[in-house]
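Chain residues, written in single-letter form:
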Amino acid sequence: MMRFIITCLVIALSVYVAYHGLEYDHGFIRLTTRSPGNRTGVKAPEKSPFDDNDDLMTWYMEEDSDHQSYSLHYDFYQDSCPTAERIITIGIREVYAANPSVAPSLIRLLFHDCFIEGCDASVLLDADESLTSEKEASPNQSLKGFDVIESIKFELEKVCPGVVSCADVLVLAAREAVLMAGGPFYPLETGRRDSVVAFKEIAERELPSPQASISVILARFGTRGFNERETVSLFGITHCTFFEDRLYNFSGTGKPDPDLDQGFQQELKTKCPYSASAPSPSTGVGPSIPASDYGGVSSAGGSDGVVDLSYNNEGGEMNFGTRYYRRLMQKKGLMYADQQLTGREETEMWVRAYASDTPLFRRDFAMSMMKLSNYHVLTGPLGQVRTTCSKVLPKI
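Here's a quick rundown of the structure. Quantities reported herein were computed from a predicted structural model and do not represent experimental measurements.

## Focus: the overall build of the protein
When you go through the protein residue by residue, the secondary structure sums to 13 helices and 7 strands. Looking at the protein as a whole, 52% of its 396 residues are labelled buried. Sequence-distant contacts, at least 24 apart, represent 76% of the contacts inside the protein between residues at least 6 apart. As displayed, the protein has an accessible area near 17,900 Å², and 54% of this comes from carbon and sulfur atoms.

Okay, here's the thing in structure tokens:
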């Protein structure tokens, strides 16, 4: 009887594998369900992937196009440019050694690219006679790191001309920046292609403003397949101009927000001295998540006005990212949405969990970054591989 049951199980497993397909890749066993490709999005599973296991995996859903199969995969450049990832790694490490504040800048740059129509390097494009740049959208005007990506791309072009996409450079550079800041490693498949268009109007409309409520932010992430847990794990860094009114002119009173902890208030005033010429937060110069320019001291030697609440490796690698959540538990949120995180049951539970469990945060942050990096990408014949990240290749 036992032999019969085992035989049935083996047959059932064989049928399942034959239908879906399994691949063994770099120590991961993964299900491959592929359909004709267009943009590749993140498949929204019926239940959160966090609930099943600890493996870092990706989920893809492809739309109909020309009835050919295309997808991302590991070591996409193994034959065409085997040193690609090493070149990116070395480039980021050299920049980080000179200016550690590049890490949050690249994380933010990745977010602004992927959140608007997917991870296609559209945010890197400059304006020209036929293109309005996303860089001109108000939430993107304080972005930094463009020169870092362009410099790495220049090195890649010398070794493998026309091979490695700017979209792949950006996601891999952001991952290395996370590592340099003491964050977790997460595996990424490659093979993205670059957009030939930009989306300024969509960026203006869809990137959350500094005054956005938590309900708006959760809704924006929700339309992109991110649940509350994933969204909370991506919160963390902000710029002085986004909350200057709480320090110096709350609700037009000319005084600080009375609900802001006085000790915290003085700490923030030290990092964010009053500037009458600073842009008003109401202009929406950047999103709440994960908003940051170069932290600490700029390359010019001056302050960039960044308050790094999360990705600053405070207390060593195993405390990466938890400072922000611990401060929320102390009612020291900065942005309009920050303190609301502890006022909603579905988000407060994750704030509390991340504040006390660093390994949990690291794992969830890694998986959310994987999901963000794989959101709605271009593959196969779609898009192009730019030789210069700021310019679309001319039509032949």
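## Some remarks on the packing of aromatic side chains
Taken as a whole and assessed by the stated rule, the structure comprises 10 aromatic pairs. Measuring from ring centre to ring centre gives 5.0 Å for F111 and F115, while their planes differ by 35°; the resulting arrangement is tilted. You can see F111 and its partner F115 sitting in helix α3 (residues 102-115), 4 residues apart, about one turn around the helix. Taken together, Y325, W350, Y354, F361 and F365 form an aromatic cluster joined through their ring pairs. Note that R224 overlies the ring of F115, its terminal NZ or CZ placed 3.9 Å from the centroid. In this arrangement the basic side chain of K371 is found over the ring face of F226, its NZ or CZ atom lying 5.2 Å from the centre.

## Looking at the state of the cysteines
Throughout the structure, instances matching the rule amount to 3 disulfides. Between the sulfur atoms of C81 and its disulfide mate C160 the distance is 2.1 Å. Across the disulfide from C81 to C160, rotation about the S-S bond amounts to roughly 80°, and the bridge is consequently right-handed. Taken together, the positions of C81 in the loop between β4 (60-62) and α2 (84-98) and C160 in the loop between α4 (146-159) and α5 (166-180) put the pair 79 residues apart, joining distant regions of the chain. The class for C160 is buried, based on a relative accessible area of 7%. At a sulfur-sulfur separation of 1.9 Å, the disulfide partner of C114 is C119. Taking the torsion about the S-S bond as the criterion, the C114 to C119 disulfide, at about 120°, is right-handed. For the pair shown, C114 and C119 are each scored as buried.

## Thoughts on the pattern of salt bridges
The final tally for this structure, using the stated rule, is 13 salt bridges. Among the ionic pairs, R175 bridges to E85, the shortest N-O distance being 3.3 Å. In this pair, R175 is assigned in helix α5 and E85 in helix α2, connecting sequence segments 90 residues apart. For K153, the salt bridge identified is with E157, shortest N-O distance 2.8 Å. Separated by 4 residues within a single helix, K153 and E157 lie in helix α4, roughly one turn from each other. Grouping residues by exposure puts K153 and E157 together as buried. Shared partners join several salt bridges into a network, and the residues in it are R205, E206 and R224.

## Points about the nonpolar core
Within soluble globular proteins, side chains that are nonpolar tend to cluster in buried spots. By size, the foremost hydrophobic cluster in this structure holds 75 residues, and its most contacted members are L106, L109, L124, I149, Y325 and M369. Looking at this core, the elements with two or more residues in it are α2, α3, α4, α5, α7 (214-222), α11 (323-329), α12 (345-356) and α13 (358-373). Excluding anything up to four places from it in sequence, I149 contacts L106, L109, L124, V169, L170, A173 and C389. Core analysis: the second largest hydrophobic core is formed by 6 residues, Y248, L260, F264 and C272 among them.

## Concerning the packing of α4 against α5
Contact pair α4 / α5: the axes reach a minimum separation of 10 Å and the direction vectors enclose 120°. By the angle between their directions, the pair α4 and α5 is classed as oblique. In the packing of α4 onto α5, the handedness of the crossing is right-handed. Contacts between α4 and α5 involve I149, I152, K153 and L156 from the former and C166, V169, L170 and A173 from the latter. Residue composition of the contact of α4 with α5, grouped by class: 7 nonpolar, no polar and 1 charged.

## Section: the packing of α3 against α4
Between two packed helices, both the angle of their axes relative to each other and the distance between the axes serve to describe the pair. Packing of α3 against α4 leaves a shortest axis separation of 9 Å and a crossing angle of 85°. Viewed along their axes, α3 and α4 adopt a mutual orientation that is roughly perpendicular. Across the interface between the two elements, V102, L106 and L109 of α3 pack against F146, V148 and I149 of α4. Within the contact of α3 with α4, the residues separate by chemical class into 6 nonpolar, no polar and no charged.

## With respect to the environment of M369
Within the secondary structure, M369 is located in helix α13. Residues M369 and P187, 182 residues apart in the sequence, show an inter-C-alpha distance of 9.9 Å.

What counts and how
- Residues numbered from 1 in each chain as written.
- Predicted model: local features only at pLDDT ≥ 70, side-chain atom pairs only at ≥ 80, totals over all residues.
- Heavy atoms only, no water.
- Helix = DSSP H or I, 4+ residues; strand = E, 2+ residues; numbered from the N terminus.
- Buried < 20%, exposed > 50% of the residue type's maximum accessible area, 1.4 Å probe, protein only.
- Contact = heavy atoms within 4.5 Å.
- Areas by Shrake-Rupley, 256 points an atom, 1.4 Å probe, with all protein chains shown as cover.
- Phe/Tyr/Trp six-rings, centres within 6.5 Å; stacked < 30°, edge-to-face > 60°.
- Lys NZ or Arg CZ within 6 Å of the ring centre and 35° of its normal.
- Disulfide = S-S within 2.5 Å.
- Salt bridge = Lys/Arg side-chain N within 4 Å of Asp/Glu carboxyl O.
- Core = buried A, V, L, I, M, F, W, Y, C linked by side-chain atoms within 4.5 Å.
- Axes fitted to C-alpha atoms, helices over the stretch in contact; angles between N-to-C directions.
- Parallel < 35°, antiparallel > 145°, perpendicular 65-115°, else oblique.
- Left-handed = near helix turned anticlockwise from the far one by under 90°.
- Nonpolar A, V, L, I, M, F, W, Y, C, P; charged D, E, K, R; others polar.

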